[in-house]
Amino acid sequence: MNAILSYFDGLPFSVTSANGVGDGLTPRAQFIGASGNGSLPSSQRTLEEWFNTSEFVSIPLSGPLANGQWGDSGRNILQGPGTKNIDFSIFKNFRLAESKNLQIRGEFFNLFNTPQFNNPGAVAPTPATGSTVLVPNLASSPAFGTISSAGSPTTFQRVSREIQLAAKFTF
């Protein structure tokens, strides 16, 4: 029997701005919270709101709030959901003759099928048109702060349960 336990903290991420300001790099959002970094206590995090979305806003490119500057939220200040994974395998060898053996094996990846969620949508909405205060227009961005995917089957990372059975005959 074999087992591999993998427990990791979540990947860090930045809240970005919906507007490209500056030199073409991905701009960060403006932090408008009173204190902290916008993260929620772990007991309050849900798939619909992973961090406090009301504390971030994009600086508009035009209108009374446009000032052509970058947002002031830090790089990678928030942390996504962690990884909890158990891989398990079991083998049985059978001697068929003096030089002939048969091995039967079962391998279980993500044995308990624990969901491995990806980072939430982190593009801050812009204030409502004509607004004179930096308050996000949340109605225009329902995906902001929401986790909408799990795993990455194309890179074989954070996948759902997979089971494989095999038989090996050696002579």
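Heads up: the structure comes first, above all this text.
My aim in this report is to walk through the structure given alongside it, one point at a time. (Residues numbered from 1 in each chain as written. Predicted model: local features only at pLDDT ≥ 70, side-chain atom pairs only at ≥ 80, totals over all residues. Heavy atoms only, no water.)

1. Overview of a nonpolar patch on the surface
And step 1. Judged by side-chain polarity, F94, L96, I104, F169 and F171 come together as a nonpolar surface patch covering roughly 560 Å² of accessible area.
And step 2. Tracing the chain through its elements places F94 in strand β7 (residues 83-97).
And step 3. Owing to a relative accessible area of 36%, F94 belongs among the partly exposed residues under this scheme. (Patch = residues over 30% accessible without salt bridge, like charges linked within 9 Å, V, L, I, M, F, W, Y side chains within 5 Å. Areas by Shrake-Rupley, 256 points an atom, 1.4 Å probe, with all protein chains shown as cover. Salt bridge = Lys/Arg side-chain N within 4 Å of Asp/Glu carboxyl O. Helix = DSSP H or I, 4+ residues; strand = E, 2+ residues; numbered from the N terminus. Buried < 20%, exposed > 50% of the residue type's maximum accessible area, 1.4 Å probe, protein only.)

2. Quick look at the packing of aromatic side chains
And step 1. This model, assessed by the stated rule, comprises six aromatic pairs.
And step 2. Seen in terms of ring centroids, F51 and F56 are 5.8 Å apart; in terms of plane orientation they differ by 80 degrees. Their pairing is edge-to-face.
And step 3. Judged by its relative accessible area of 1%, F51 falls in the buried class.
And step 4. Using a relative accessible area of 0% as the deciding quantity, one classes F56 as buried.
And step 5. Seen from their ring centres, F51 and F144 are 5.3 Å apart, and the 80 degrees between their planes marks the pair as edge-to-face. Here F144 lies in the loop between β9 (123-124) and β10 (162-170) and F51 lies in the loop between β4 (30-31) and β5 (56-57), a separation of 93 residues in the sequence. The same class applies to F51 as to F144, namely buried.
And step 6. Against the face of F94 rests K92, its NZ or CZ located 5.6 Å from the ring centre. (Phe/Tyr/Trp six-rings, centres within 6.5 Å; stacked < 30°, edge-to-face > 60°. Lys NZ or Arg CZ within 6 Å of the ring centre and 35° of its normal.)

3. A short note on the sheet that holds β10
And step 1. Pairing is antiparallel across the open sheet formed by four strands, whose spatial order is β1-β7-β8-β10. Here the strands that pair on one side only, and so sit at the sheet edges, are β1 (2-8) and β10. Averaged over neighbouring strand pairs, the angle between their axes works out to 10 degrees when direction is ignored.
And step 2. Of the strand pairs in this sheet, β1 and β7 are connected by seven bridges, and their pairing is antiparallel. (Pairing = 2+ DSSP bridges. Axes fitted to C-alpha atoms, helices over the stretch in contact; angles between N-to-C directions.)

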